[in-house]
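# Report on the structure
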Amino acid sequence: MFEQLNQLIFRFEEVIELMSDPAVIADSSKLRALSIEEADLRPKVTKIKRYQQVTEELEETEDLLGESLDPEMMELAKLELANLKKEKEALEEEIKVMMLPEDPNDGKNIIMEIRGAAGGDEAQLFAGDLLNMYTRYAENQGWKVEVMSANITGIGGYKEVTLMITGQKVYSKLKFENGAHRVQRVPETESQGRVHTSTATVVVMPEQEELDFDLDENDIRIDIYHASGAGGQHVNKTASAVRLTHLPTGIVVAMQDERSQLKNREKAMKVLRTRVYDSLQSKQQEAFDSERKLAVGTGDRSERIRTYNYPQNRVTDHRIGLTIQQLDSIMQGNIDEIVDALVLFDQTQKLEELNGQGIS
């Protein structure tokens, strides 16, 4: 492990040097990639250097205890030794987590799709509530949210909404939101006061750029047509709507929210590339899971992962058995406790696997 730690420090210093190279500065894509890598490595290198410093101080303090000291200095040295040992143990555990194999998509932006599922109007209203929850959470994280397309119902719900969330390590925090979200509450239209159960599904996909995943344009059919529905007078006058069909997989993406055909095509291509990549990765994941099933993982999207119970002001994540009696706060975007618990659970699983393989 120590060799790996030194390699990280070496790579960090190399990245810093490369970022000052005029040739790299002139290449925006390379500079962006290095900047992301530098931001990822910096906290790790800071922790590693602190670990090295604590190890040195620990050795010096142990040497000091071997010398003849007056009683007061001896007590101070023993106290310092105990504190350093405690800090070293804590740093070792943190570094073990830090050195776990990373999901290569963790640093990426995401495309999220939310759909009303079982429950009619109430499910579509709940999809809107989830959209608001994730939007507020993203804003609290300093991320940017862009609604790329939306199919809004007459009562203000969402049959389907696609959004892009951009920022630092978005996928790493929201990748466990995949699945069916169940709501239990009394709908506004319910005259008898009965609690109804409805569901909405959430799909989280790491954004794939051209550099990451190249689609063969020969595999894509492009249809241009007149937009319909809300959007102003331009919708029926200009053939600005774009529908892309990926022929090998049958995946279809349609965009009409922008006035410009070019902008709609760019958005549609971004979503199509991400969906096709996600489809291919999901097939690989299914094959992997058939041999070794993880409790969290990327999640089966038809699986009920969480329940939002309004009468009890309760949210329960069924995968890790976490229940929080603050549903009102969570629906305002304060989902940090859930997100952190899922990340911690995943890390704990991976550590147990490594320890089971005799790696320490």
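The present account deals with the structure reproduced in this document.

Rules and cut-offs
- Residues numbered from 1 in each chain as written.
- Predicted model: local features only at pLDDT ≥ 70, side-chain atom pairs only at ≥ 80, totals over all residues.
- Heavy atoms only, no water.
- Pairing = 2+ DSSP bridges.
- Helix = DSSP H or I, 4+ residues; strand = E, 2+ residues; numbered from the N terminus.
- Axes fitted to C-alpha atoms, helices over the stretch in contact; angles between N-to-C directions.
- Phe/Tyr/Trp six-rings, centres within 6.5 Å; stacked < 30°, edge-to-face > 60°.
- Buried < 20%, exposed > 50% of the residue type's maximum accessible area, 1.4 Å probe, protein only.
- Lys NZ or Arg CZ within 6 Å of the ring centre and 35° of its normal.
- Parallel < 35°, antiparallel > 145°, perpendicular 65-115°, else oblique.
- Left-handed = near helix turned anticlockwise from the far one by under 90°.
- Salt bridge = Lys/Arg side-chain N within 4 Å of Asp/Glu carboxyl O.

### A word on the sheet that holds strand E7 (residues 241-246)
- Strand order in this open sheet of three strands is E6-E7-E8, and the pairing throughout is antiparallel. Both edges of this open sheet fall to strand E6 (220-225) and strand E8 (251-255), since each of them pairs with a single strand only. The average undirected angle you get between the axes of adjacent strands in this sheet is 15°.
- Strand direction decides the pairing type here: E6 and E7, joined by six bridges, are antiparallel. Its bridge partner lying in E7, aspartate 223 is registered against arginine 243.

### Quick notes on the packing of aromatic side chains
- Under the counting rule described, the total for this entry stands at two aromatic pairs.
- With centroids separated by 5.3 Å and ring planes inclined at 65°, the aromatic side chains of phenylalanine 126 and tyrosine 308 adopt a geometry described as edge-to-face. Of this pair, phenylalanine 126 sits in helix H5 (residues 120-140) while tyrosine 308 sits in strand E9 (residues 304-309), placing them 182 residues apart in sequence.
- Look at phenylalanine 126 and you get buried, because its relative accessible area is 0%.
- With relative accessibility at 0%, the residue tyrosine 308 sits in the buried group.
- On the basis of an interplanar angle of 85° and a centroid distance of 5.7 Å, the ring pair of tyrosine 137 and tryptophan 143 is categorised as edge-to-face. Side by side, tyrosine 137 and tryptophan 143 carry an identical accessibility label, which is buried.
- Positioned above the aromatic ring of tyrosine 310, the side-chain terminus of arginine 185 is 4.9 Å from the ring centre.

### Considerations on the packing of helix H3 (residues 28-65) against helix H4 (residues 71-98)
- At their nearest, the axes of H3 and H4 sit 9 Å apart, and the two run at 150° to each other. When the interaxial angle is binned, H3 and H4 end up roughly antiparallel. Here H3 runs over H4; the crossing is left-handed.

### Quick look at the sheet that holds E9
- Read across the sheet, eight strands follow the order E2-E3-E1-E5-E4-E9-E10-E11 without closing on themselves; strand pairing throughout is mixed. Looking at strand neighbours, the two that pair on one side only are strand E2 (144-152) and strand E11 (322-324), the edges of this open sheet. Each strand axis lies, on average, 15° off the axis of its neighbour in the sheet, ignoring direction.
- Both strand E1 (residues 110-116) and strand E3 (residues 158-166) contribute to a ladder of six bridges, which runs antiparallel. Of the residues in E3, the one forming a bridge with isoleucine 114 is valine 161.

### Re the pattern of salt bridges
- The full count for this structure, using the stated rule, is 21 salt bridges.
- For arginine 42, the salt bridge goes to glutamate 38, with nearest N and O atoms at 2.5 Å. On the criterion of helical spacing, the pair formed by arginine 42 and glutamate 38 is a turn pair, its members being four residues apart in helix H3.
- Classification of arginine 42 as partly exposed rests on a relative accessible area of 43%.
- Among the charged side chains, a salt-bridge network with shared partners connects Glu113, Arg115, Glu160 and Arg275.

### Remarks on the pairing of E7
- Counting buried residues along E7, five of its six residues qualify, which places the element largely inside the surrounding structure.
- As defined by bridge partners, E7 adjoins E8 across five bridges and the pair is classed as antiparallel. Across the sheet, the residue bridging to leucine 244 is valine 253, located in E8.

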